[in-house]
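Secondary and tertiary structure notes
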Amino acid sequence: MKKIEAIIRHFKLEEVKDALAAKDIQGMTVTEVRGFGRQKGHKEQYRGAEYTVDFLPKVKIEIVVNEETAQAAIDTIMDTARTGNIGDGKIFVSTLTDSIRIRTGETGEESL
Amino acid sequence: MKKIEAIIRHFKLEEVKDALAAKDIQGMTVTEVRGFGRQKGHKEQYRGAEYTVDFLPKVKIEIVVNEETAQAAIDTIMDTARTGNIGDGKIFVSTLTDSIRIRTGETGEESL
Amino acid sequence: MKKIEAIIRHFKLEEVKDALAAKDIQGMTVTEVRGFGRQKGHKEQYRGAEYTVDFLPKVKIEIVVNEETAQAAIDTIMDTARTGNIGDGKIFVSTLTDSIRIRTGETGEESL
Amino acid sequence: MITSARKQIRLRVMGIALCLFTLSSFGMMNLHADEQAPAGDAVAEVASDAVAAAPVFNEAYIAWMLVASALVLMMVAPGLALFYGGLVRKKNVLSVMMQCISLMGIMSIVWVVCGYSLAFGEDILGGYVGGFNHVMLAGILPYYDATLDTVVTPGTDGGIPTILFMVFQLMFFIITPALIVGAFAERMKFSAMVVYSVLWGLLVYCPIAHWVWSDNGWLCEWNEGAAFGALDFAGGTVVHISSGVSALVCALMIGQRKNYMKEPMPPHNLTYTFIGATMLWVGWFGFNAGSALAANSLAVNAFVVTHIAAAAGVIAWAGMEWIVLKKPTILGACSGAVAGLVCITPASGSVSIPSAIIVGLAGGVASYLACTKLKNALKYDDSLDVFGVHGIAGMTGALLTGILATKNVTGGGHGLLEGNSQQFINQIVSIAASAVLAVVGSVILLKLIDLTIGLRVEEASEIRGLDQTEHGEEGYIFL
Amino acid sequence: MITSARKQIRLRVMGIALCLFTLSSFGMMNLHADEQAPAGDAVAEVASDAVAAAPVFNEAYIAWMLVASALVLMMVAPGLALFYGGLVRKKNVLSVMMQCISLMGIMSIVWVVCGYSLAFGEDILGGYVGGFNHVMLAGILPYYDATLDTVVTPGTDGGIPTILFMVFQLMFFIITPALIVGAFAERMKFSAMVVYSVLWGLLVYCPIAHWVWSDNGWLCEWNEGAAFGALDFAGGTVVHISSGVSALVCALMIGQRKNYMKEPMPPHNLTYTFIGATMLWVGWFGFNAGSALAANSLAVNAFVVTHIAAAAGVIAWAGMEWIVLKKPTILGACSGAVAGLVCITPASGSVSIPSAIIVGLAGGVASYLACTKLKNALKYDDSLDVFGVHGIAGMTGALLTGILATKNVTGGGHGLLEGNSQQFINQIVSIAASAVLAVVGSVILLKLIDLTIGLRVEEASEIRGLDQTEHGEEGYIFL
Amino acid sequence: MITSARKQIRLRVMGIALCLFTLSSFGMMNLHADEQAPAGDAVAEVASDAVAAAPVFNEAYIAWMLVASALVLMMVAPGLALFYGGLVRKKNVLSVMMQCISLMGIMSIVWVVCGYSLAFGEDILGGYVGGFNHVMLAGILPYYDATLDTVVTPGTDGGIPTILFMVFQLMFFIITPALIVGAFAERMKFSAMVVYSVLWGLLVYCPIAHWVWSDNGWLCEWNEGAAFGALDFAGGTVVHISSGVSALVCALMIGQRKNYMKEPMPPHNLTYTFIGATMLWVGWFGFNAGSALAANSLAVNAFVVTHIAAAAGVIAWAGMEWIVLKKPTILGACSGAVAGLVCITPASGSVSIPSAIIVGLAGGVASYLACTKLKNALKYDDSLDVFGVHGIAGMTGALLTGILATKNVTGGGHGLLEGNSQQFINQIVSIAASAVLAVVGSVILLKLIDLTIGLRVEEASEIRGLDQTEHGEEGYIFL
Ligand SMILES: Nc1ncnc2c1ncn2[C@@H]1O[C@H](COP(=O)(O)OP(=O)(O)O)[C@@H](O)[C@H]1O
Ligand SMILES: Nc1ncnc2c1ncn2[C@@H]1O[C@H](COP(=O)(O)OP(=O)(O)O)[C@@H](O)[C@H]1O
Ligand SMILES: Nc1ncnc2c1ncn2[C@@H]1O[C@H](COP(=O)(O)OP(=O)(O)O)[C@@H](O)[C@H]1O
C-alpha cells in the first residue's frame, strides 16, 4: 500500500478531488497547511510598514491506495494541480505497513 | 518503531485519548482534517439553494509507539472509535526510521 | 529521501525556519497540531469552575530532504527548538519512496 | 442547487395560503376601522375624547422613547445573541442566533395581534389577565379625524403615543423568551422552541405583565387598590424572575446535554460573549431609563443607577474569581455586569446612586454563588446560567428594592430601611406569584410539547450540532 | 519594513499637494464667508431674513435627528459591512469592509462639496437636478450675526437646522452606493469602485433625490405642482430601487465570479451576517423614523411599521425555506428582515401598523423568489443579491405604498385601497423613472471605467482574494 | 471542576468583607443624607435654593444627553475593545477586552466615590484640583423635599440634572485610561494595569479636567479669570493628549514586547478592528456633540464637523498609503478615521464644517507620519499607537483649534485666522501643561508600581499569551 501526500494550491482542491473520483479513487484526507519553498511569500502591510509573510497557505491531501493505483493517482494529481507557476507543490510517496477500516475491522486493501 | 495514524470522528477524541492513556500510551499529536470517503457529505443551504459539503470534519491522531505496543494501540483505537456507521474512519500504520526527543536528545524508544 | 517530522513549540517556528534556511534547507510544510504528552495541559476557567485543557497547541514541520542532509536538518531543529523544558517536542524520521515536483514533474532529489 | 416538482407544488400551496392571510388581514383592518368609529365602547370613548382635542405629546419624551425602544431591540440582537452565541460550542452558534432573530419576528407579530391586549387590555377573568379589546391594536392606532381634519394618535397628554408605549413593551415581549433560550441551548428542537415561546409569552408573560404593570393589576405599584403593590420599575418580576425560573424548569425537563460534566464545554468565542455583554450594558439604559416612559429626572436617576450597578457587578464577580481562583476572567466580568444589571432592574426607579453599588455587588455575588456552587451541587444543566443570573439576581433585586427604595427617588414609595415593611412583603409576594405562574405554565407547556412534537433533537443531531442539523448552515467557514 | 528614497520623494510631492489643497480650502471658506455677507443673492436673502430673527428650533427634534443620523451611519458600518462581509468568502472580507469605510470617507466629502447642492439646490436644467448654490454648503452654514450678537443657524422655525438635515441626508448618500457593493463583491477593482461610486452618486443619486425629495421635484409628494407626486417617505426609489437596479447592471457588466455555479461560494461567516442584519434592523429606525425629520407621531408610526415589517419579513423568508427546504436558515431570517425593511421604507410614512404585516410578508416573499428562482434562471451573478433584495423589495414596497397608503396615517395622501388610483400610477412612474436613470447612468459609467482603468481585478488576484491583492492584508490571523 | 476546603474559607472571609463594605456604604449614605439637610455649607446652599423652586430642566437636552452618555460607553466597549482587541495577537485578545470592561467597572465606582469631586468639586490646593465636597456625589443627588412634597434633582435650570452631567463625564473617566491600554498591551500585568489606571485617573485625569472644564479652572475657556483659557470642547487635552502622552511614557518604561521588530506582529483580526473603529466613529457623535450638554445648534455643528473630520481622516491616511505603498489598507482607513476624530475633538465646538475637512486631513497625515516614521525612528514599542494617534492628533487638533476657531460657530471665542493670537498661545500652554502632568504623573506611578507589584508579566507568560496566563481563558475555541 502506498501513501501519497500532495501539497497543492488551495483553489485546486475541488478539481483534484473530482479528477481522482473520476479515476475511482474515493478516499482522501485533507489538511490545511502552510508551506515554505521557492515561491516568495506575499507582502502585507501594517500601519504603513511592509513585511513578508513567508508561509503560504496550502492544502495537503493524503491518499492511501494500493500499489497498482498509486501511479494513476500521482499522475492525476500532477495533471490537475499544475498551473506551471512556482508554488504548485510537491507529491511525496511512502509505503504503509497496514491499513484498517475502523468500522469493520477490515485490513489491507480491503479497507481502502 | 511504528507510526499509527488514525482518522476518527471528532467527538470520539476524548474517549480514544482516555482509552490509550489507560493503556499507558501517553503521547499523541492531533490534527484537524477534513475527510472524503464513502460517508456522504451533508447538505447545506444558501439563499434557498442546497449544495453538498463533500469534506467532513474529522480528526487525525498520530501516535508513535514501539513495535510491541503497536497492536494494543490499534486495537484500543478500533474499539473506542467505532460507532458502526459509515465514516468511522481508518487507521494507517507505517514504520519510522528514528525518533528523537528534542529536550534531551534521547533517540529511539527512549524518546517516546 | 527522508521525511523529517518535528513537533515543536509555536514560538520556535520562525527561529527553526531561519536556522534551516541558513543551512540551505528551503522547503518545508507546517501544520497546526495539538499535542498530548508529559507536559501538563493548562487550567482554564469557566464560570468559576476550573478544568484542564489536555491538548496543547504545537506546530508540526515536515521537511523532505535527501539522505545526506537529513542529519544536519535534525541537528539544526534540535538545537533551535530546545528550551530544556518538558514539552519541547519530538522529531520523527521516516523513509520516502519518491518525491515529485508538480510544476515540472521532476522526481527524486531533483524535486526538493 | 436543486428544484423539484414537489417543491413547486408546495410553493404554490404556500402562495395561496399567503394570499388568504393577506385577505384576512385586510378583513381585520376593516374590522378595526369599524371599531374606531365612535360607538359606545371603550375604544370609542378614547376616540370621542380625542374629537375634543387630540393629545399633545411631549416630543422630548418621544425622542427618548424611540431611542429606548431601539436600544432594547439591540439588547436582543446583536446583544443577547452574541452573549449567548459565544458561550455555546461552535457547532451551535447559529442555532442560538436563529432563535433570537426568530423571536424578533414571531413575538412581534404575536404582540400586535393579541399579546398587547392580553397584557394591557381591560381586565377579564377577575383581572388576572387583560381582555381582547386591543386585539390588532384596536383603539390605539392613529386615525384620521375628519372634524379636526388631522390625524389623531391616541396617547397620554404630555406623554407619549400609546403605540410608542406598545412598541417599547413589545421589545420586552421579545427579550424575555429570548433569555430563556440559554437554558435549553444546544439541544432543543427549533420547532419546539417556537411553540414554547409563543405560548409562554401569551400564557405566562402577558398575565404577569398585567398584574404588575397594568393600571388595575393586583401587584401594580401605582394601583391604589392593589392587594400587594410591588415596586418593579423595569421588569425584575415580569422579565427576569419569570424567565429565570422558567429557564430552570426547562433545564430540568429537557435534561442535560450529552456528556455534560464529563467533558468540558467551554465557550467557543468569548470575544462574542464580551461584545454581547457590553451591548447588553449599553442597551440596558434603554430598558431601565426607558421604563420611565419620559426623559425626566427619574429616567436620569434610572440611567445612573443602572450603570453603577453594572460596574459594581463586574467588580463583585471578577473580584470573587480573583480571590477564589486567583484569576479574574473576562467571562466573570461579563457575567457580573449582567447580574448587576438584572439586579438593578426592578430597583432602578426607586433607589439612590450609592445604593446602586450595593445592589450591583449583591447581584454579582449572589449570581456567582448560584452559577458556581448551586448549579454544580444540584447538577441541573442550565447551559448558559439563565436561572443563576436572571432568576437569582432578579429575586435579589426585587428584595433589595423592598429594602432600599427611597422617597428621595420615588417621592413616595419606599422600603424597609425607611420603615416600610409592607413593601418588603409585597416584593416577596410578587416574586412568589410570578415564580409560581412561571413554573406551572412552563411545566404544562413543556410536557405538552414533549408529548406532541418533542422537545429535544436526536442524539446524532446534538453531536453534529444544531447549526447543520436544524438549519443546514455553518457558523464559520474559515478554511 | 521598508523605506526608500523614491518613497520619500513621493511623500514630499504629496505633502505639497496637501498644502495646496489646504490653501484652496481656505480660499473656499473665504469665498463662502463673502457669500454670506448680505448681498442680493439667495444666500443673502436667507441671511437677511435671519437678521429679523434667528430660527427657533424644536430641540426635541434636534435630539432625535442627531440620533437618527448616527443610526444611519451605524447601518453602513458596522451594519452593512458585517452583513456583506460575512457573506463573501474569507479572502475578501476586508475588501468589502474597506469599500464601506472608504465610501464613508469619500461620499461625505463629496456631499459637502457639491452633492448636497445637486440634490437640494435650486432647480437648474429644467428642474431635473439641483444647482450649485449650496456648493461647500454655502447658505446653510451657521454664521455670526453682529446685529443680534449671536450665532444664527439657518433652518426651519419649529424644526431643525438645515445642516442637521444635510448630515442626515449625507448618511443616505453613503449607504446607497454602499448597497451596490454587494453586486460586484469579490472581483471589482478598488479604484474602479471609488470612481464609480462618486460619479454614480453625483449623476444618478443626486438627480433622483432632487426629483423625489426637493420641494420642486417632479416626483415630490408635497410639491403641489408635481407631475407625478410619489409617496416615498424614506427612500424606496431614491435609495433602494436606484441601488438595486444599478446593482443588477453592475452584476451583468462585470460578469460572474470565477467558478460561479461550479463551486459553492457559501458565506464565510454567517455570525457576521447576523450581527450586520440585526444592526441594520436597529439602524433602520433612524432611517425611517428619522425621515419624519421630527420626533412626532408620524415618526412613531414610522418606527412601529418599520419594526413590524422587519418581523414579518423574517417570518416570510424563513417560513418559505421551512416549507420548501424543510429547514429555516439564519441567512433566510436575516435576508427576510432586510427585505421587509426595504419594502416598508417608502411606505413607512403612510401605512398603518396592520398593513405593515402585509408589506413585510410581501417584501420577504418577493425577495425570496427573486434570489432563489429569478437569479438562478437568469444566471447573473449578483454576488450578495442586492437586486433581489433591494431592487425587488424596493419596487414591491413602492407599489404597496400606492395601494395601502392611508389618510389615517398621512392625514392626506392615500392609495388605491382608499380609492386613489392616481397615486398608484404615480408610484409606477417614480419606479420607472428612477430605474431608467439608474440603468442608463450605470451602463455609461461602467463602460467608461472599463475602457479606462478597468473594472475587474486580474484572475490571479481574484483567486488569491482581494484582501491580499488590493489591500495587502488578511482578515483573520488565527494561527 | 474543583472545590476545596481552602477555597471555602477564602469565600467566607470574602463574604464577611463584603458585609462590612455593605454596612459602611450604608454609613456613607446616611452621612450623605445629613449633608443634604439644610445646614450652612455649599451643599446645603444648593439644597436651600432648591426649596424655593426645583430646577426645571430642558427635557430635550435630557433625552439627548442620555443617548450621548450611552454612546460614549459604547465607544469603550464594544468600540475601543474591538479596535484594540483586533490589533493584538490572538493570544492576547481577551486581555485587552478584560482591561476595558474592568475599567468600566472600577473607574465608574471610583468616579462616584471621589473622582467627580476631585474634578468638579470646589477649588482646593490653589485651584489646581477639586476638593472633597462632592465625595459620594454629595450635593448633587436627588432628594425628597418635604415642603414641596416632591423629589428635587439638583441641576441647571433650562439645562440638565447634575447627575446626568456627572454620568456623561464618568464615561470620559473610563475611556481615557482605556485608551492608554493600547500602549502596554500584550505584556502588562492585569493587577498593575488596575492600580495604574485608578491612580492615574485620580492624580492626572482629575486635575487636568479641573483645569480645563471646571468653572474656575486656570485653562477654562468660559472662566473669565483664567490665566490661559483654552478651547477644548470635548477633550483634546483632557482625554487625548493626557492619554497619548502617558501612553508614550508607558511604552518607554515597560519596554518593547519580546521579539519586537524581529518578528512581525500583525493584527490577528482586522475585522474586529474595523467594527471597533466604526463603532468609535458612531459613538464619537455622543462624545463631541454630547459635550454641548444640550440638543442645540452647537451640538448639531459639533456632530457635523465630527463626521466630516473622520471622513477626511480616512481619506488622508488611506490616501497616503495608496501613494506610498501602492495599496490603501483597511487598517489605514480605520486609523485615519480615529485620527480625524481625535483631531476634531477639541475643535468640535468652535470650527466650521469646511474647516473640519482640514482638521481631519491634518489629523490623518500627522498621525500617519507619527506611526510610520517617528515610531520606527525612535524604536519605542507603543503597541497599538496610542501616542501616534491620540497624542499627535490630539496636539494637532488643539493647535488647529487655536487657528481655526471662528465666531461663526462660537459666537465669541476665535482663533489665529480671525486675528486672536492669544488663543493660539493659550492652546500651546494647555497642551504643555497637560503633557507635563501626564509625563510626571505616569513616570512616578509606573516607577512605584514597578518597585512593588511589578509592571510586566513573566516572559513565559508573554509567550503563551495573557489570555491564558492572566485570565485562564482562550478567545476562540474553533476546533
Ligand atoms: N523539502 C520540502 N519538504 C516539505 N515540503 C516542501 C518541501 N519543498 C517544498 N515543500 C512544500 O511545497 C510547496 C511548494 O514548493 P515551492 O518550492 O514553493 O514551489 P514548487 O513546488 O513549484 O517548487 C511549499 O509551499 C511547501 O509546502
Ligand atoms: N484512501 C484513503 N486515503 C486517505 N484517507 C481516507 C481514505 N479513505 C478514507 N479516508 C478517510 O477516512 C474517513 C472515513 O472514511 P469513509 O469511507 O467515509 O468511512 P469508513 O471509514 O466507515 O469506510 C474519510 O473521511 C477520510 O478522511
Ligand atoms: N508517542 C508520541 N506520538 C506522537 N506524538 C507525540 C508522542 N509523544 C509526544 N508527542 C508530541 O510531542 C509533544 C511534546 O511531548 P511531551 O511529552 O509533552 O514533552 P517532551 O517532548 O519534552 O517529552 C506532545 O505535545 C505531542 O504533540
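Further up the page is the structure itself.
Residues numbered from 1 in each chain as written. Chains lettered and ligands numbered in written order. Predicted model: local features only at pLDDT ≥ 70, side-chain atom pairs only at ≥ 80, totals over all residues. Heavy atoms only, no water.

1. Structural notes on the overall build of chain A
Rules: Helix numbers and strand numbers start at the N terminus; a helix is a DSSP run of H or I with at least 4 residues, a strand a run of E with at least 2. Note that the radius of gyration is over C-alpha atoms, with the globule rule given as 2.2 Å times the number of residues to the power 0.38. Any residue under 20% of the maximum accessible area for its type is buried, any over 50% is exposed, and the rest in between are partly exposed; the area is computed with a 1.4 Å probe on protein chains only. Any pair of residues with heavy atoms lying within 4.5 Å of one another is described as a contacting pair. For every accessible area listed, the method is Shrake-Rupley and the probe measures 1.4 Å; residues are considered covered only by the protein chains on display. Lys and Arg are tallied as positive, Asp and Glu as negative. Neither His nor the chain termini are counted. A charge is said to be at NZ when it belongs to Lys, at CZ for Arg, at CG for Asp and at CD for Glu.
When helices and strands are tallied, chain A shows two helices and seven strands. Its C-alpha radius of gyration of 17 Å places chain A more than 25% over the 13 Å reference for a compact globule of 112 residues. The principal-axis extents of the C-alpha atoms in chain A amount to approximately 60 × 25 × 20 Å. For chain A, the residues scored as buried account for 62% of the 112 residues in total. Across chain A, every contact between residues at least 6 apart in sequence was considered, and the portion connecting residues at least 24 apart equals 70%. As presented, chain A carries roughly 4,200 Å² of accessible surface, and 48% of it is formed by carbon and sulfur atoms. Across chain A, the 17 positively charged side chains and the 19 negatively charged ones have centroids separated by 8 Å.

2. A few points about the environment of Val-386 of chain F
Residues and elements named next belong to chain F. You can see Val-386 is positioned in helix α12 (residues 386–404). With relative accessibility at 1%, the residue Val-386 sits in the buried group. Sequence separation between Val-386 and Leu-179 is 207 residues; the distance between their C-alpha atoms is 6.9 Å. Setting aside its immediate chain neighbours within four residues, Val-386 contacts Tyr-84, Leu-179, Ile-180, Gly-182, Ala-183, Ser-243, Gly-244, Ala-247 and Gly-391.

3. Things to note about the packing of helix α9 (residues 297–324) of chain D against helix α3 (residues 59–87) of chain F
As a reminder of what qualifies: As a rule, the C-alpha atoms of each element are fitted with a line to give its axis, helices using only the stretch in contact, and angles between N-to-C directions run from 0 to 180 degrees. An angle below 35 degrees is treated as roughly parallel, one above 145 as roughly antiparallel, one from 65 to 115 as roughly perpendicular, and anything else as oblique. If you view the pair so one helix is near and one far, a crossing is left-handed when the near helix is turned anticlockwise from the far one by less than a right angle, and right-handed when it is turned clockwise. Gly falls in the polar group here, along with every residue not listed as nonpolar (Ala, Val, Leu, Ile, Met, Phe, Trp, Tyr, Cys, Pro) or charged (Asp, Glu, Lys, Arg).
For the pair α9 of chain D and α3 of chain F, the least separation of the axes is 10 Å and the interaxial angle reads 10°. Accordingly, the angle class assigned to the pair α9 of chain D and α3 of chain F is roughly parallel. In the packing of α9 of chain D onto α3 of chain F, the handedness of the crossing is left-handed. Along its contact with α9 of chain D, which presents Ser-297, Ala-299, Val-300, Phe-303 and His-307 of chain D, the element α3 of chain F presents Ile-62, Leu-66, Ser-69, Ala-70 and Leu-73 of chain F. Partitioned by chemical class, the residues of the contact of α9 of chain D with α3 of chain F number seven nonpolar, three polar and no charged.

4. As for the site of ligand 2
For the record, the criterion: Definition of nearness: a residue and a molecule or strand are near each other if at least one heavy atom of the residue lies within 4 Å of the molecule or strand. Between N or O atoms, a polar contact is any pair within 3.5 Å; within protein, one atom must be a potential hydrogen donor and the other a potential acceptor, and residues adjacent in sequence are included only when both atoms are from side chains.
In the region of ligand 2, 21 residues are neighbours, and Thr-29, Arg-101 and Arg-103 of chain A together with Arg-38 and Gly-87 of chain B sit closest. Residue neighbours of ligand 2 fall on chains A and B, so the site bridges chains. Within the backbone of Met-28 of chain A, a nitrogen or oxygen atom sits 3.5 Å from an oxygen atom of ligand 2. Here an oxygen atom of ligand 2 and a side-chain polar atom of Arg-101 of chain A are 2.3 Å apart. When ligand 2 sits alone it has 550 Å² of accessible area, and the protein chains cover 98% of it. Elements represented by at least two residues in the shell around ligand 2 include exactly β2 (28–36) and β5 (56–65) of chain A together with β2 (28–36) and β6 (90–95) of chain B. Among the elements that take part in the shell around ligand 2, β5 of chain A stands out by supplying three residues, more than any other.

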